[in-house]
Amino acid sequence: MTDDTLLPVRVVALYRFTPFADHETLRQPLAKLCCSLGVKGTLLLAHEGINGTIAGHDDAMEQVLTHIRALPGCADLGVRESRAAEMPFGRMKVRLKREIVTMGEPDIDPRTVVGTYVEPSAWNALISDPDTLVIDTRNDYEVAVGTFRGAVDPDIATFREFPEWFRKRRDELAAQGRTPKVAMFCTGGIRCEKSTALAKKEGVDEVYHLRGGILNYLETIPEAESLWDGECFVFDKRVTVTHGLKQGQYDLCHACRRPISEEDKRSPLYEEGVSCPACHDERTDTQRQRYAAREQQMKLAQQRGE
């Protein structure tokens, strides 16, 4: 078995809610530094802070993290780290956004109101309590490849849909006279900063979220003690990770960017780079022709070593 500590690429997921007075001015120096060091991935900058996942060799990553920690309010930036055998990103992107995680609720501020953090070591006991409503705040295609036992799937296509779903669920529980504890989780923790803040604003008193998200849990909790079933979708070329943050078994549909299994690849609706069972009926013949041409160009570029 490969020792992951020997893998050459350091992958870092990070976020920080902090008020940037002029986030536009932060973009160019950060992008220039990352590109000069061969660091790749995506970083999002907004008035509310920074979020993203980047990868590179250790020395380069340390320089970039030092730069980010020097930004206003980022001195105690928390990160989740893993290793990869090869670069999981194709390029470096630093983007300016309205929100570093898009919920579409302008009055939600995780810096002022947020749920109670729960360490991975205490998470099993919380979600095993029958009085706890466990909610997976991720998108439907992420939940499909893995989730915690007993978790509720909101069946949402984007995080923007979560507030409407949550308010409806809250009203249903209130009509039943129920006020359960609520425990939320997501990949790295950032979506739960906003989802738990929303729940508190909506009048739910006992709201908890998994510190560091699923990635922290899979890294620290032994598989034999785990209540996680399946794999965890990540937004890079690894596609999914498992316990110990080892690379999973899923591939990626280059047409819709959803995870695909070996069973999906055996479907008559699957064509490499063109369609998969999830997206085939969402695309037109013209789009699929364009995807096929793109896939061919990618294969030719790989043959040329590009």
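Our subject is the structure listed above.
If you're wondering where the values come from, they're calculated on a predicted model, not measured in any experiment. (Residues numbered from 1 in each chain as written. Predicted model: local features only at pLDDT ≥ 70, side-chain atom pairs only at ≥ 80, totals over all residues. Heavy atoms only, no water.)

1. Regarding the overall build of the chain
Along the chain, the regular secondary structure elements total nine helices and 15 strands. In terms of overall dimensions, the chain has C-alpha extents of about 65 × 50 × 40 Å along its principal axes. Counting every position in the chain, which comprises 306 residues, the buried fraction comes to 49%. Contacts in the chain between residues far apart in sequence, at least 24 positions, make up 69% of those at least 6 positions apart. Looking at the chain as shown, the accessible area adds up to about 15500 Å², and 48% of this sits on carbon and sulfur atoms. Averaging the positions of the 41 positive and the 48 negative side-chain charges in the chain gives two centres separated by 5 Å. (Helix = DSSP H or I, 4+ residues; strand = E, 2+ residues; numbered from the N terminus. Buried < 20%, exposed > 50% of the residue type's maximum accessible area, 1.4 Å probe, protein only. Contact = heavy atoms within 4.5 Å. Areas by Shrake-Rupley, 256 points an atom, 1.4 Å probe, with all protein chains shown as cover. Lys, Arg positive; Asp, Glu negative; His and termini not counted. Charge placed at Lys NZ, Arg CZ, Asp CG, Glu CD.)

2. Digging into the environment of Asp236
With respect to the secondary-structure elements, Asp236 resides in the loop between β12 (232–233) and β13 (240–241). Once the C-alpha coordinates of Asp236 and Thr116 are considered, the two residues, 120 residues apart in sequence, prove to be 29 Å apart. Not counting residues within four places of it along the chain, the set of residues in contact with Asp236 comprises Val11, Pro88 and Phe89. For Asp236, the side chain forms a polar contact with the main-chain nitrogen of Arg238, separated by 2.8 Å. (Polar contact = N/O pair within 3.5 Å; in protein donor to acceptor, adjacent residues only side chain to side chain.)

3. Thoughts on the packing of helix α1 (residues 24–37) against helix α2 (residues 58–69)
Between α1 and α2, whose axes approach to 9 Å, the crossing angle comes to 170°. It follows that α1 is roughly antiparallel to α2 by the angle criterion. The segment α1 lies against α2, with Pro29, Leu30, Leu33, Cys34 and Leu37 engaging Ala60, Gln63, Val64, His67 and Ile68. For the contact of α1 with α2, a count of residues per class yields eight nonpolar, two polar and no charged. (Axes fitted to C-alpha atoms, helices over the stretch in contact; angles between N-to-C directions. Parallel < 35°, antiparallel > 145°, perpendicular 65-115°, else oblique. Nonpolar A, V, L, I, M, F, W, Y, C, P; charged D, E, K, R; others polar.)

4. Quick notes on the pairing of strand β9 (residues 181–185)
Here β9 lies mainly inside the structure; five of its five residues are buried. The two faces of β9 match: Lys181, Ala183 and Phe185 on one face and Val182 and Met184 on the other face are all buried. In this structure, strand β7 (residues 132–136) lies alongside β9, joined through five bridges in parallel fashion. Its bridge partner being in β9, Val134 is matched across the sheet by Ala183. Each parallel crossover has a hand, and for β9 linked through helix α6 (residues 190–201) to strand β10 (residues 207–210) it is right-handed. (Pairing = 2+ DSSP bridges. Right-handed = clockwise from strand over helix to strand, strands pointing away.)

5. Observations regarding the pairing of strand β3 (residues 49–56)
For β3, the buried fraction is high: seven of the eight residues fall into the buried class. Bridge analysis of strand β1 (residues 9–17) against β3 gives eight bridges, and the strand direction is antiparallel. From the neighbouring strand, Phe17 faces β3, where its bridge partner is Gly49. Across seven bridges, the pairing between strand β2 (residues 40–46) and β3 is antiparallel. Across the sheet, the residue bridging to Ala46 is Gly49, located in β3. What sits between the antiparallel neighbours β2 and β3 is a turn of two residues.

6. Quick word on the environment of Cys276
Turning to its location among the elements, Cys276 is positioned in the loop between α8 (262–265) and α9 (285–303). Each C-alpha atom of the pair Cys276 and Ala70 lies 43 Å from the other, and the pair is 206 residues apart in sequence. Those residues in contact with Cys276 that sit more than four places away from it in its chain are Cys253, Cys256, Ile260, Leu269 and Tyr270.

7. What to know about the nonpolar core
Counting residues in hydrophobic clusters, the biggest one holds 26 residues, and the most contacted among them are Ile135, Phe162, Phe166 and Met184. Elements supplying a minimum of two residues to this core: β1, β7, α5 (162–175), β9 and α6. Ranked by residue count, the leading element in this core is α6, at five residues. Excluding residues within four positions of it along the chain, Ile135 makes contact with Val152, Pro154, Phe162, Trp165, Phe166, Val182, Ala183, Met184 and Phe185. In terms of nonpolar packing, the next biggest core, distinct from the first, is built from 22 residues, Leu43, Val64, Leu71 and Met92 among them. (Core = buried A, V, L, I, M, F, W, Y, C linked by side-chain atoms within 4.5 Å.)

8. A look at the sheet that holds β7
The parallel open sheet is built from four strands, whose spatial order is β6-β10-β9-β7. Unpaired on one side and paired on the other, β6 (116–118) and β7 mark the two borders of the sheet. Recorded for the sheet is a direction-independent mean angle of 30° between the axes of neighbouring strands.

9. Looking at the packing of aromatic side chains
Tallied over the entire structure, the rule returns 11 aromatic pairs. For the pair Phe148 and Tyr217, a centre-to-centre distance of 4.8 Å together with 85° between the ring planes defines the contact as edge-to-face. On the criterion of sequence distance, the pair formed by Phe148 in strand β8 (residues 146–148) and Tyr217 in helix α7 (residues 213–220) is long-range, its members being 69 residues apart. Ring-pair connections join several aromatic residues into one group, and the members of that group are Trp123, Phe148, Phe185, Tyr217 and Trp228. Lying across the ring of Tyr117, Arg211 places its NZ or CZ 4.3 Å from the centre. (Phe/Tyr/Trp six-rings, centres within 6.5 Å; stacked < 30°, edge-to-face > 60°. Lys NZ or Arg CZ within 6 Å of the ring centre and 35° of its normal.)

Such coordinate-based values are descriptive only and should not be taken to indicate function.
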